[in-house]
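# Report on the structure
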Amino acid sequence: MAEYSMILTERQGRVAVIRLNRPQALNALCDQLMEELGQALRGYDADPEVAAIVLTGNEKAFAAGADIKEMQSRSYPAVYLDDFIGKRWEAVTFVQKPVIAAVAGYALGGGCELAMMCDIILAADTAKFGQPEINLGVIPGAGGTQRLTRAIGKAKAMEMVLTGRMMDAAEAERASLVARVVPAAEVVAEAVKLGEKIGTLSAPAVAIAKEAVNRAYETTLAEGVKFERRAFQALFATADQKEGMAAFAEKRKARFTNS
Ligand code: CAA
């Protein structure tokens, strides 16, 4: 098991929980933390015992953004040549298994962007989302202008990105940024429960369902529908499709074998 200094990892049954753990800096996302996160995500994605991954922070902050103190003196050639914020940050978007963000407290800047890279966001009633980069003389750099706009629409996204205004959990749910709001004390347990539920289902079907939903963001409706149809048809080659449908017909619980 890898040694980490800025994240904590644990397994709860078939669900892996990754906790961002730099509380003294409100989980500001420095290079080291993002390296560790990428490593943990890749490890769990490759682990057949893991069905889903929960990504969380602490009760005060999911993450208050990229580390401002670390990046403040960087030059353009340095950020360009390092592909800051590209490859180190996008690890979560390459994970095949479902990744659930359990967000309590601040999810700002890169923290909001990281949550939006996950597949589902569960928000604690204390969660606050925002893209305050404009206050620093820059703009979101990890997909915020794109993913927030697609999630909540232009009017609200534009207001948040241009003013840095934060959105509380209730507004985030109304705006469809988050799947659900739960009491803060329960947000990680609820996310694990969601992961466990997913873990009872057919892993190939879950992975392809995630891929198909993500296609909706990457392509035209006609192409997306065609992708979905082919993926749907392909699942008839799995034992799990036979088992799932037989179990329904026989009025019993399906026993999926992920094959
Ligand atoms: N980077 C580095 N350090 C940070 C940080 C960040 N993003 N956010 C908080 N911290 C540090 C603070 O500097 C402080 O450290 P010290 O105790 O050493 O002074 C510690 O965390 C606690 O923070 P505060 O004292 O500020 O806590 P608060 O409760 O008074 O305020 C807050 C909370 C409103 C979230 C405030 O910390 C804040 O505004 N943080 C910055 C938010 C921000 O601008 N995020 C965007 C970053 S840019 C980005 O993310 C680019 C991108 O698109 C990828």
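Per an unreviewed UniProt entry, the protein carries the name enoyl-CoA hydratase and comes from Siccirubricoccus deserti. Check the Sequence similarities (unreviewed entry) section of the UniProt entry for the protein; it says "Belongs to the enoyl-CoA hydratase/isomerase family." Per UniProt, the comment on the protein under Function (unreviewed entry) is "Could possibly oxidize fatty acids using specific components."

## Here's the deal with the environment of Ala2
Mapped onto the elements, Ala2 comes out in the segment before strand E1 (7-12). With 232 residues separating them along the chain, Ala2 and Ala234 place their C-alpha atoms 37 Å apart.

## Side note on the site of the ligand
What surrounds the ligand is a group of 23 residues, the closest being Ala66, Lys69, Gly110, Glu113 and Glu133. Between the ligand and the protein, one listed contact pairs an oxygen atom with a side-chain N or O atom of Lys60 at 2.9 Å. Between the ligand and Ile68, the relevant distance is 2.9 Å, taken from a nitrogen atom to a main-chain nitrogen or oxygen of the residue. Taken together, the elements giving at least two residues each to the shell around the ligand come down to helix H2 (68-71), strand E6 (106-108) and helix H5 (110-117). For the shell around the ligand, the element with the most residues is H2, which contributes three residues.

## Considerations on the pairing of strand E7 (residues 120-124)
In terms of burial, E7 is largely enclosed, as four of its five residues are buried. Both E7 and strand E10 (residues 180-182) contribute to a ladder of three bridges, which runs parallel. From the neighbouring strand, Ala124 faces E10, where its bridge partner is Val182.

## Things to note about the confidence of the model for the protein
Of all residues in the protein, 100% attain a pLDDT of 70 or more, and the chain-wide mean is 97. Interface confidence for the predicted complex, given as ipTM, is 0.98, next to a pTM of 0.97.

## A few points about the packing of aromatic side chains
Counted under the stated rule, the structure contains two aromatic pairs. The interplanar angle of 75 degrees and the centroid separation of 5.3 Å between the aromatic rings of Phe232 and Phe236 together place this pair among those described as edge-to-face. Relative accessible area serves as the criterion here: at 38%, Phe236 is assigned to the partly exposed category. Over the aromatic face of Phe84 sits the side chain of Arg74, whose NZ or CZ is 4.8 Å from the ring centroid. The cationic tip of Arg215 hangs over the ring face of Phe227; the distance from NZ or CZ to the ring centre is 4.2 Å.

## Comments concerning a nonpolar patch on the surface
Where nonpolar side chains cluster on the molecular surface, the patch consists of Ile68, Leu136 and Val138 and spans about 250 Å² of accessible area. For Val138, the position within the fold is in the loop between strand E8 (128-130) and helix H6 (144-152).

## Brief notes about the environment of Ile53
Tracing the backbone shows Ile53 in strand E3 (residues 52-56). Its relative accessible area of 0% is what places Ile53 among the buried residues. Placed 183 residues apart in sequence, Ile53 and Phe236 show a C-alpha to C-alpha distance of 27 Å. Among residues more than four places away in sequence, those in contact with Ile53 are Ala16, Ile18, Leu41, Tyr44, Asp45, Val95, Pro98, Val99 and Ile100.

## Points about the pattern of salt bridges
Per the stated rule, a full pass over the model turns up 15 salt bridges. When the shortest N-O distance is used, the salt bridge between Arg252 and Glu250 registers 2.7 Å. Connected through shared salt-bridge partners, Asp31, Glu35, Glu70, Arg74, Asp82 and Arg88 make up one network.

## Examining the layout of surface pockets
Roughly 1,100 Å³ of internal volume is contained in the largest pocket. Met117, Cys118, Asp119, Asn214 and Tyr217 are the residues nearest the centre of the largest pocket, which is lined by 32 residues in total. Those elements giving two or more residues to the lining of the largest pocket turn out to be H5, E7, H6 and helix H10 (203-218). Class assignment for the residues of the lining of the largest pocket results in 19 nonpolar, five polar and eight charged. Considering only enclosed or pocket space, the second largest pocket measures out at about 670 Å³ in volume. Lining the second largest pocket are 30 residues, with Ala66, Ile68, Met71, Leu136 and Val138 positioned closest to its centre.

## So, the sheet that holds E6
Backbone-to-backbone hydrogen bonds join strands into a sheet, with any given pair of strands oriented parallel or antiparallel. Pairing is mixed in the open sheet, where four strands are placed in the order E4-E6-E8-E9. The outermost strands of the open sheet, each flanked by one partner alone, are strand E4 (61-63) and strand E9 (167-168). Bridge analysis of E8 against E9 gives two bridges, and the strand direction is antiparallel. From the neighbouring strand, Lys128 faces E9, where its bridge partner is Asp168. Its contacts with the sheet put H5 on E4, E6 and E8, and the angle it makes with E6 is roughly 90 degrees.

Rules used throughout
- Residues numbered from 1 in each chain as written.
- Predicted model: local features only at pLDDT ≥ 70, side-chain atom pairs only at ≥ 80, totals over all residues.
- Heavy atoms only, no water.
- UniProt positions renumbered as here; feature names shortened; annotations may be inferred.
- Helix = DSSP H or I, 4+ residues; strand = E, 2+ residues; numbered from the N terminus.
- Near = heavy atom within 4 Å.
- Polar contact = N/O pair within 3.5 Å; in protein donor to acceptor, adjacent residues only side chain to side chain.
- Buried < 20%, exposed > 50% of the residue type's maximum accessible area, 1.4 Å probe, protein only.
- Pairing = 2+ DSSP bridges.
- pLDDT = per-residue confidence, 0-100.
- Phe/Tyr/Trp six-rings, centres within 6.5 Å; stacked < 30°, edge-to-face > 60°.
- Lys NZ or Arg CZ within 6 Å of the ring centre and 35° of its normal.
- Patch = residues over 30% accessible without salt bridge, like charges linked within 9 Å, V, L, I, M, F, W, Y side chains within 5 Å.
- Areas by Shrake-Rupley, 256 points an atom, 1.4 Å probe, with all protein chains shown as cover.
- Salt bridge = Lys/Arg side-chain N within 4 Å of Asp/Glu carboxyl O.
- Contact = heavy atoms within 4.5 Å.
- 1 Å grid on protein atoms, 1.4 Å probe; cavity = no way out; pocket = protein on both sides within 12 Å on 5 of 7 lines; lining within 4 Å.
- Points joined across faces, edges and corners; volume = space filled by probe spheres on them.
- Nonpolar A, V, L, I, M, F, W, Y, C, P; charged D, E, K, R; others polar.
- Axes fitted to C-alpha atoms, helices over the stretch in contact; angles between N-to-C directions.

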